[in-house]
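Commentary on secondary and tertiary structure
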Amino acid sequence: TDSLLQYLKDSGFLEEDEDYSPEDHEAFRRSDPTRWMYALNVAGMLLVVVSAGKLLGNRPESGIPWAQIVESPDAIRLSRDATMLIVLLSSFDLVATLLTDSAGGFTELNPMTGSLLKNPVMLAVFKLTATCLGTGILWHRRKYAGAQQAAWWMCFLLTLVTIRWVTIQSLFYV
């Protein structure tokens, strides 16, 4: 690193009186939230692939009353997988929101969580509580056609949100 610093000083990229040390660089690297965004983006891409594959390969029965019980193994498996993906995709959304906000240049468009973004702990508690309650209801009612369809659609919507996050982070932060 010393030879690189000397080269930058000799080239005119750094001022002679500027004192850069490896410790300064390491402290900046540790504090920079964008350094995690590449890994988060890769995780988001993988989640989208898994989710899209699950959603496209398994669609709940349509045209039946929501209160009807559907106990086929495929329908129950779809409910289980969609519910697990909802938790993963929602967690990805939370982490992406917090990292992007800490990187700056981000405005939360959701009015409910926009005010909570000032306190990341409260936002995390709210998001995790809402996700757990929602998925708990879907899991408890997994044999009902309505819950199976709702789990599929929620997973679909969160997959679109994840695609949006991956796109935004790829364009502006990674």
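These figures come from a predicted structure and were not determined experimentally. (Residues numbered from 1 in each chain as written. Predicted model: local features only at pLDDT ≥ 70, side-chain atom pairs only at ≥ 80, totals over all residues. Heavy atoms only, no water.)

1. A look at helix H3 (residues 37-57)
One turn of an α-helix holds 3.6 residues; hence residues three or four places apart share an orientation. Convention followed: Counting from the N terminus, the helices are the DSSP runs of H or I reaching at least four residues and the strands are the DSSP runs of E reaching at least two. One less than the residue count of a helix, multiplied by 1.5 Å, gives the span that helix is expected to have. Working definition: with a 1.4 Å probe on protein chains only, accessible area under 20% of the residue-type maximum means buried, over 50% means exposed, and in between means partly exposed. The reported arc concerns the directions from the helix axis to the C-beta atoms and nothing else. Throughout, a contact is declared for two residues whenever any of their heavy atoms are within 4.5 Å.
Its 21 residues place the ends of H3 30 Å apart at the C-alpha level, agreeing with the 30 Å of an ideal helix rising 1.5 Å per residue. Residues of H3 that are buried: Met37, Leu40, Asn41, Gly44, Leu47, Val48, Ser51 and Leu55. Projection of H3 onto a plane perpendicular to its axis shows the buried side chains occupying an angular sector of 125 degrees, all on one side. H3 presents Tyr38, Leu46, Val49, Val50 and Gly57 as exposed residues on the side facing more than 90 degrees away from its buried surface. As for H3, its buried residues are in contact with helix H4 (73-103) and helix H7 (145-172).

2. With respect to the nonpolar core
A general tendency of soluble globular proteins is for nonpolar side chains to be buried together. Threshold: The definition of a nonpolar core used throughout is a set of buried Ala, Val, Leu, Ile, Met, Phe, Trp, Tyr and Cys residues joined through side-chain atoms within 4.5 Å.
Judged by nonpolar contacts, the single largest core of 27 residues is most densely connected at Leu89, Phe92 and Cys155. Counting residues per element, the ones that place at least two in this core are H3, H4, helix H6 (120-140) and H7. Other than its neighbours up to four places away in sequence, Phe92 contacts Leu40, Gly44, Leu47, Thr162, Trp165 and Val166.

3. Looking at the packing of H3 against H7
Rules: Fitting a line to C-alpha atoms yields each axis, with helices limited to the stretch in contact; the angle taken between N-to-C directions then spans 0 to 180 degrees. Angles are sorted into four bins: roughly parallel if under 35 degrees, roughly antiparallel if over 145, roughly perpendicular if 65 to 115, and oblique for all others. In this scheme the handedness of a crossing depends on how the near helix is turned from the far one: anticlockwise by less than a right angle means left-handed, clockwise means right-handed. Under the scheme applied, nonpolar residues are Ala, Val, Leu, Ile, Met, Phe, Trp, Tyr, Cys and Pro; charged residues are Asp, Glu, Lys and Arg; polar residues are all the others, including Gly.
In the contact formed by H3 and H7, the axes pass within 9 Å of each other and the chain directions differ by 150 degrees. For the element pair H3 / H7, the angle class is roughly antiparallel. For H3 against H7, the interelement crossing comes out left-handed. In contact with Met37, Leu40, Asn41, Gly44, Met45, Val48, Ser51 and Leu55 of H3, H7 contributes Trp152, Cys155, Phe156, Thr159, Thr162, Ile163, Trp165, Val166, Gln169 and Ser170. A breakdown of the residues in the contact of H3 with H7 according to their chemical character gives eleven nonpolar, seven polar and no charged.

4. Some thoughts on the pattern of salt bridges
Under the convention used in this document: Think of a salt bridge as a Lys or Arg side-chain nitrogen and an Asp or Glu carboxyl oxygen that are within 4 Å of each other.
Here the structure, examined in full by the defined rule, presents five salt bridges. A salt bridge links Lys54 to Asp81; the nearest nitrogen and oxygen atoms lie 2.6 Å apart. Residue Lys54 is found in helix H3, and its partner Asp81 is found in helix H4; the two are separated by 27 residues along the sequence. Here Asp81 falls in the buried class, since its relative accessible area comes to 9%. A salt bridge links Arg77 to Asp74; the nearest nitrogen and oxygen atoms lie 2.9 Å apart. Placement of both Arg77 and Asp74 in helix H4 is noted, with a separation of three residues, approximately one turn of the helix.

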